[in-house]
Amino acid sequence: MTDDSSASMTDESGVSTGDGSAMSATGESTGDGSAMSATGESTGDGSVISTTGESPGSTTDGPRVSVIIPTYNRDEILPRAVDSALAQTVADIEVLVVDDGSSDGTQAVVEAIEDSRVRYLAHDTNRGVSAARNTGITAASGEYVAFLDSDDEWLPRKLDRQLSVLDSRDERWVGAYCDIASTGLSMAGRVAAAVSETLFRSSAPREGGRELAEALLSMQVFMGPGSTLLVDRDVVTSTGGFDEGLSIYEDWDLVLRVLSVGNLAYVGEPLAVTHFTGDAPAEAYVENDRRYLERNAGLVDDLERRGIPVRQVHRMGLVGHFLSEGRFADAAAFLDASMILRPKNAARLAFWSVLGLRVLAGGTR
């Protein structure tokens, strides 16, 4: 599972496995002098969206769900994601493939799909996964939007199970996410994921509002929203969409904004399959983590006052990324004595160090 509109990885689990303005999902200016059009016209910033299919943004007789698939230079694997969306047992959908400036055959691949529910939208330059998802939100006409990374796929009943849960709840519940099954991880990666889930996240709340936001920000829960989140389109629009200054944590950041409006339900089934194809360098995590915590400083400060060491938890995650790359000196810069003395942290440090030593010895994580 990677950032579909750039070369960087967006697995934000906190276990190792530039500043910009946020794009409004309504298409309005975000303060950088540009506004995204979904009509195929120039937006004034060098970007153009071209579309096939019905006119975007219409709410008349719209589908139940708009599936948004951002992609960049993945013409060989993109059909797997699109096919899994079209194979949903919920047929009342549209599939918006947002091509973020690809130079391969992405457009031809999408236009060859013989299904009127599929629409192709394209940026003329690569702008990043957040911008691509925002373009899809602007063009969507469904009651709900659901996000799917172009290297991932869904099981056929994914949307059906999520919609069924939401239909059984009241209006406070504005979206749902599900569990994931991961492929492509090394044996060490699979062990790391299992240990992390068992030791650090098993008792955390999996659904709700504020309580889920606190668990997410303190890295006690993982939801992979880029391929699991289904959420009310109006709610996403009201939050301003994805922060285009984030290339990592951008989906967690959106979830925190959604949770400030309503609750998210949890479907405890692995209905999305994520394919691990690489990770961003540790430096990218440092910068993105800083911006993510700054954007959510109010909640961070509140949790810190209540004794939940959010910033320390995030520093520990950065330590893990550096150690896993075999960069022990860089990792030490983020460590302090209080972190080392916690038994669970000691176990994590040992494990990450083993991964780093394997890298230094010429192996893989």
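**Q** Quick rundown of the overall build of the chain? Include the residues and the values.
**A** Looking only at helices and strands, the chain has 15 helices and 9 strands in total. Carbon and sulfur atoms make up 52% of the accessible area of the chain, which amounts to about 14,000 Å² in all.

**Q** Describe the environment of Leu121, and please don't skip the residues or the numbers.
**A** Following the sequence through the fold, Leu121 ends up in strand β4 (residues 118-123). Assessed through its relative accessible area of 0%, Leu121 is described here as buried. Along the backbone, Leu121 and Pro70 are 51 residues apart, and their C-alpha atoms lie at a distance of 9.4 Å.

**Q** I'd like a rundown of the pairing of strand β7 (residues 173-183), residues and numbers included.
**A** For β7 and strand β9 (residues 263-275), the ladder comprises 10 bridges, and the chain directions are parallel. When the bridges of β9 are listed, Ala176 appears paired with Ala265. The pairing of β7 with strand β8 (residues 230-232) spans 2 bridges and is antiparallel. Its bridge partner being in β8, Gly175 is matched across the sheet by Val231.

**Q** Break down the packing of aromatic side chains for me, citing the residues and quoting the values.
**A** Aromatic ring pairs are defined here through the distance separating the ring centres and the angle between the ring planes. Inspection of every chain in the model, using the stated rule, returns 7 aromatic pairs. Residues Phe147 and Phe242 carry aromatic rings whose centres are separated by 5.2 Å and whose planes lie at 85° to one another, so their mutual orientation is edge-to-face. Taken together, the residues span a long stretch of sequence, with Phe147 in strand β5 (residues 144-147) and Phe242 in the loop between α8 (233-239) and α9 (250-259) at a distance of 95 residues. Accessibility classification places Phe147 together with Phe242 in one group, the buried group. On the basis of an interplanar angle of 15° and a centroid distance of 5.5 Å, the ring pair of Phe322 and Phe334 is categorised as stacked. Here Phe322, found in helix α12 (residues 310-324), pairs with Phe334, found in the loop between α13 (328-332) and α14 (337-341); they are 12 residues apart in sequence, far enough to count as distant. Judged by its relative accessible area of 4%, Phe322 is buried. Members of the aromatic cluster, each reached through a chain of ring pairs, are Phe222, Tyr249, Trp252, Tyr285 and Tyr292. Positioned over the ring face of Phe242 is Arg133, at 5.1 Å from the centre of the ring. Of note, Arg169 hangs over the ring of Trp173, and the distance from its end group to the ring centre comes to 4.5 Å.

**Q** Account for the packing of helix α6 (residues 210-217) against helix α11 (residues 297-305), naming residues and giving values.
**A** Taken N-terminus to C-terminus, the directions of α6 and α11 make an angle of 85°; their axes are 11 Å apart at the nearest point. The angle between the axes of α6 and α11 places the two elements in the roughly perpendicular class. Note on element contacts: α11 touches α6 through Leu299, Val300, Asp302 and Leu303, opposite Arg210, Ala213, Glu214 and Leu217.

**Q** Describe the pairing of β5, with residues and values.
**A** Residues Tyr144 and Ala146 point to one face of β5 and Val145 and Phe147 to the other, with burial holding for every one of them. Direction of pairing for strand β2 (residues 65-71) relative to β5: parallel, over a ladder of 4 bridges. When the bridges of β5 are listed, Ile68 appears paired with Phe147. Bridging between β5 and β8 involves 3 bridges; their strand directions are antiparallel. Looking across to β8, one finds that Val145 is bridged to Val231.

**Q** Got a sec to walk through the side chain of Asp289? Specific residues and values, please.
**A** Structurally, Asp289 can be placed in helix α10 (residues 282-295). If we skip the residues at most four places from it in the chain, Asp289 touches Tyr249, His314 and Leu318.

**Q** Help me get a handle on the confidence of the model for the chain, residues and values and all.
**A** On average, residues of the chain score 84 in pLDDT, and 78% of them reach the 70 mark or higher. The low-confidence segment residues 7-44, where pLDDT is below 50, has 123 contacts with residues more than four positions distant or belonging to other chains. Counting interchain partners and residues more than four positions distant, the pLDDT-below-50 stretch residues 55-59 has 11 contacts.

**Q** I'd like a description of the nonpolar core, backed by residues and values.
**A** Grouped together as the largest cluster of nonpolar side chains are 47 residues, with contacts concentrated most on Phe147, Leu216, Leu217 and Tyr292. The dominant element in this core, judged by the number of residues it contributes, is α9, at 6 residues. Apart from the residues within four sequence positions on either side, Tyr292 is in contact with Leu216, Leu217, Leu246, Tyr249, Trp252, Asp253, Leu256 and His314. Within the second largest apolar cluster, 32 residues are counted, among which are Leu78, Ala81, Val118 and Leu148.

**Q** Outline unusual backbone geometry, supporting the account with residue identities and numerical values.
**A** A negative phi angle is the norm for most residues apart from glycine, just as the trans form is the norm for most peptide bonds. Even without being glycine, Asn73 reaches a positive phi, approximately 55°. With respect to the helices and strands, the residue Asn73 is situated in the loop between β2 and α1 (78-86).

**Q** An account of a nonpolar patch on the surface is requested, with residue identities and associated values reported.
**A** A contiguous nonpolar patch, built from Phe328, Leu357 and Leu360 and spanning about 290 Å² of accessible area, is present on the exposed surface. As for its position among the elements, Leu357 is in helix α15 (residues 343-360). Among the residues examined, Leu357 registers a relative accessible area of 51% and is labelled exposed.

**Q** Before we move on, could you go through the environment of Val118 and cite the residues and values that matter?
**A** By secondary structure assignment, the location of Val118 is in strand β4. Taking the C-alpha atoms as reference points, Val118 and Val67, 51 residues apart in sequence, are found 9.4 Å from one another.

Rules used throughout
- Residues numbered from 1 in each chain as written.
- Predicted model: local features only at pLDDT ≥ 70, side-chain atom pairs only at ≥ 80, totals over all residues.
- Heavy atoms only, no water.
- Helix = DSSP H or I, 4+ residues; strand = E, 2+ residues; numbered from the N terminus.
- Areas by Shrake-Rupley, 256 points an atom, 1.4 Å probe, with all protein chains shown as cover.
- Buried < 20%, exposed > 50% of the residue type's maximum accessible area, 1.4 Å probe, protein only.
- Pairing = 2+ DSSP bridges.
- Phe/Tyr/Trp six-rings, centres within 6.5 Å; stacked < 30°, edge-to-face > 60°.
- Lys NZ or Arg CZ within 6 Å of the ring centre and 35° of its normal.
- Axes fitted to C-alpha atoms, helices over the stretch in contact; angles between N-to-C directions.
- Parallel < 35°, antiparallel > 145°, perpendicular 65-115°, else oblique.
- Contact = heavy atoms within 4.5 Å.
- pLDDT = per-residue confidence, 0-100.
- Core = buried A, V, L, I, M, F, W, Y, C linked by side-chain atoms within 4.5 Å.
- Patch = residues over 30% accessible without salt bridge, like charges linked within 9 Å, V, L, I, M, F, W, Y side chains within 5 Å.
- Salt bridge = Lys/Arg side-chain N within 4 Å of Asp/Glu carboxyl O.

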